[in-house]
Amino acid sequence: MACEQISYRKSTRVGIIGAGISGIAAAKQLSHHNPIVFEATDSIGGVWKHCSFASTKLQTPPCDFEFSDYPWPQRDNSTFPSYLDILHYLHAYATHFNVLKFVRFNSRVVEIRYIGGGDGRETTNLDVAAGPGEFGPLLSGHPVWEVAVETHPPKTVERYGFELLVVCIGKYGDIPKMPVFPPNKGQEVYGGKVMHTLDYSKLDKEAARELLKGKKVAVVGYKKSAIDLATECAQANQAYWIWGLPFFLFYSTRSSQFLHQRPNQGLLRNLLFPLLSPVRKAVSKFIESYLVWKLPLVKYGLKPDHPFEEDYASCQMAILPENFFSEADNGKIMFKKTPRWWFWNGGLEFEDNTKLEADVVLLATGFEGKKKIQDLLPQPFSSLIVDSSGIMPLYRGTIHPLIPNMAFVGYIESVSNLQTAELRCKWLSRLADGLFKLPSIKKMLDQTSEEIEVMKKTTRFYKRHCISTFSINHSDEICEEMGWKCWRKNNWVSEAFAPYSSQDYGEED
């Protein structure tokens, strides 16, 4: 058996893993360090390229999903872009700023090793976390991480040394989250085809049509991927309006976010917060009343048991394709709400003892995003990735206080993940250049703990690590650390009542 060829280590300052939205944003902001971007596939785009269906569309208009220095050609178009539009936009951005020269395609990271702080002693930030320990500079002048990269073709492994390693492999894709069943009730007893959305997204149009045509298909899940699958080829062109008012007024302005709890909110806001509870509930009820009026949620048993605010606070809103319920009215889509299910030889069985016949079962059950990183990092860092609550404790959504010389981009969610990623990449670039310093490790841990507690109090789905109800405050604190002004609008009226977008966070002179 032939052995793979292993070459000697190469050293450079900055390495980036992944060339999706976050990886391309990081490469652009760190371009003056000539980073190396490792992309396991032959193209950029991440989940937009490798986990999309024919019907996959953006959940917002283009003006809410764009880089601050590269607006969409038709940014005021209310039509939601398709995944192909997103890929074209991202490629145009990367080409315009000459970012593709940093990307090494078909280069899969197979191992990461910590090679110490240059003094021969392998320590982690955990050693000093109990005291006022400092995080240290991101670019320290010597390699801290060794990365083994397998390239195709030919199958060779090269080793690189980096002072700073930026992980941008995301929470979605690669590792599917599979249901666990009791003995003799798993897919082994089922006679049909079972496929996770990760595998379905790899099918071309003809293969997908052949799989589904003339079949009884059961889709497990009820979030974005499940809805896309259930209405494959539907057009999603709905606008954000609630009883005639633009949706952003309720959650995406500085004045609307004033109603919600946020980290570091001070004594006055702590006193006001309980008094504002009726207003928050009224806003949530107001939106719920519109959705129940607009959509047949009650008719199909789809009205959630929790308030709308919890879905927004966990970034779980899904824009329905316009013919989603018309297909249901025609009997082409049926719904079954159940906490537990399993297989039988003819399809699915539910805990109320009812059965559903199915030729194909598509699992829209999510991904094991954190496991991707845990499998890649060495100990003890792998065990530090998530805390006791199951969340990655990332300072400013980017730096893990206990993992030195490493950054993570794309692991917190908001209404616009692109805007969130880009601003944090700008922050990371300035931090790497030494334009400001991080607080002590203990203060960073305290900050992340406070953010997690806010999310826990806001929604039961807090493990999604969504900052949507305090995203403007989160950006304010990032701007403050970079030395930027926090209030980005031209006047106080816009500051209070206009939504924030990436265009508000352009470079300052």
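Residues numbered from 1 in each chain as written. Predicted model: local features only at pLDDT ≥ 70, side-chain atom pairs only at ≥ 80, totals over all residues. Heavy atoms only, no water.

- Going by the annotation in an unreviewed UniProt entry, the name recorded for the protein chain is Flavin-containing monooxygenase, with Gossypium davidsonii given as the source organism.
- Recorded under Sequence similarities (unreviewed entry), the UniProt text for the protein chain is reproduced unchanged: "Belongs to the FMO family."
- Recorded in UniProt for the protein chain, the comment headed Cofactor (unreviewed entry) runs: "FAD". (UniProt positions renumbered as here; feature names shortened; annotations may be inferred.)

**Some details on the nonpolar core**
Phase 1: In terms of nonpolar packing, the biggest core is built from 83 residues, with Ile24, Ile112, Trp145, Val166, Ile399, Phe408 and Trp427 touching the most fellow members.
Phase 2: When residues of this core are assigned to their parent elements, the largest contribution, 8 residues, is made by helix H15 (residues 417–432).
Phase 3: Setting aside residues up to four positions removed in sequence, Ile399 forms contacts with Phe135, Leu138, Pro393, Leu394, Met406, Ala407, Trp427, Leu428, Leu431 and Leu438. (Core = buried A, V, L, I, M, F, W, Y, C linked by side-chain atoms within 4.5 Å. Buried < 20%, exposed > 50% of the residue type's maximum accessible area, 1.4 Å probe, protein only. Helix = DSSP H or I, 4+ residues; strand = E, 2+ residues; numbered from the N terminus. Contact = heavy atoms within 4.5 Å.)

**Some details on the environment of Val99**
Phase 1: Inspection of the secondary structure puts Val99 in the loop between helix H3 (83–96) and strand S4 (103–104).
Phase 2: The spatial distance from the C-alpha of Val99 to the C-alpha of Ser31 is 7.5 Å, given a sequence separation of 68 residues.
Phase 3: Once residues lying within four places of it in the same chain are set aside, the contact partners of Val99 are Ile24, Ala27, Lys28 and Ala94.

**What about the sheet that holds strand S14 (residues 355–357)?**
Each strand in a sheet pairs with another by means of backbone hydrogen bonds, the pair being arranged parallel or else antiparallel.
Phase 1: The sheet built from 3 strands is open, its strands ordered S12-S13-S14 with antiparallel pairing. Edge positions in the sheet fall to strand S12 (341–344) and S14, since each of these pairs with one other strand and no more. Taking each pair of neighbouring strands and ignoring which way they run, the sheet shows an average axis angle of 30°.
Phase 2: For S12 and strand S13 (residues 347–350), the ladder comprises 4 bridges, and the chain directions are antiparallel. Across the sheet, the residue bridging to Trp341 is Phe350, located in S13. (Pairing = 2+ DSSP bridges. Axes fitted to C-alpha atoms, helices over the stretch in contact; angles between N-to-C directions.)

**Notes on the sheet that holds strand S8 (residues 193–196)**
Phase 1: Taken in spatial order, the 3 strands make up an open sheet running S8-S15-S9, and their pairing is parallel. Where the open sheet ends on each side, the last strands, each with one partner, are S8 and strand S9 (217–220). Taken over all neighbouring pairs, the strand axes of this sheet differ in orientation by 15° on average, direction set aside.
Phase 2: The sheet contact formed by S9 and strand S15 (residues 360–363) spans 4 bridges and is parallel. Bridge pairing links Val220 to Leu363 in S15.

**Considerations on the pattern of salt bridges**
Pairing is possible between side chains of opposite charge, provided their charged atoms come close.
Phase 1: Tallied over the full model, the rule gives 23 salt bridges.
Phase 2: In this structure, the salt-bridge partner of Lys299 is Asp329, at a minimum N-O distance of 3.2 Å. One end of the pair, Lys299, is in the loop between helix H10 (277–294) and helix H11 (308–313); the other, Asp329, is in helix H12 (residues 324–329), and 30 residues separate them in sequence.
Phase 3: We note a salt bridge from Asp352 to Lys336, for which the minimum N-O separation is 2.6 Å. Of this pair, Asp352 sits in the loop between S13 and S14 while Lys336 is found in the loop between H12 and S12, placing the two residues 16 residues apart along the sequence.
Phase 4: By relative accessible area, which is 42% here, Asp352 ends up partly exposed.
Phase 5: Because the salt bridges share partners, they merge into one network encompassing Glu111, Arg113, Glu146 and Arg159. (Salt bridge = Lys/Arg side-chain N within 4 Å of Asp/Glu carboxyl O.)

**A short note on the packing of aromatic side chains**
Phase 1: Tallied over the entire structure, the rule returns 34 aromatic pairs.
Phase 2: Plain terms: the ring middles of Trp48 and Phe65 are 6.1 Å apart, the flat faces sit at 65° to each other, and that makes the pair edge-to-face. Of this pair, Trp48 sits in helix H2 (residues 47–50) while Phe65 sits in the loop between H2 and H3; the two residues are 17 residues apart in sequence, bridging distant segments of the chain. In this pair, the class of Trp48 matches that of Phe65, namely buried.
Phase 3: Site record: aromatic cluster; members linked through ring pairs are Phe67, Tyr70, Trp72, Tyr89, Tyr93 and Phe97.
Phase 4: It is Lys28 that lies over the ring of Phe97; its NZ or CZ is 4.4 Å from the centre.
Phase 5: We note Lys489 situated over the ring of Tyr500; from NZ or CZ to the ring centre the distance is 4.8 Å. (Phe/Tyr/Trp six-rings, centres within 6.5 Å; stacked < 30°, edge-to-face > 60°. Lys NZ or Arg CZ within 6 Å of the ring centre and 35° of its normal.)

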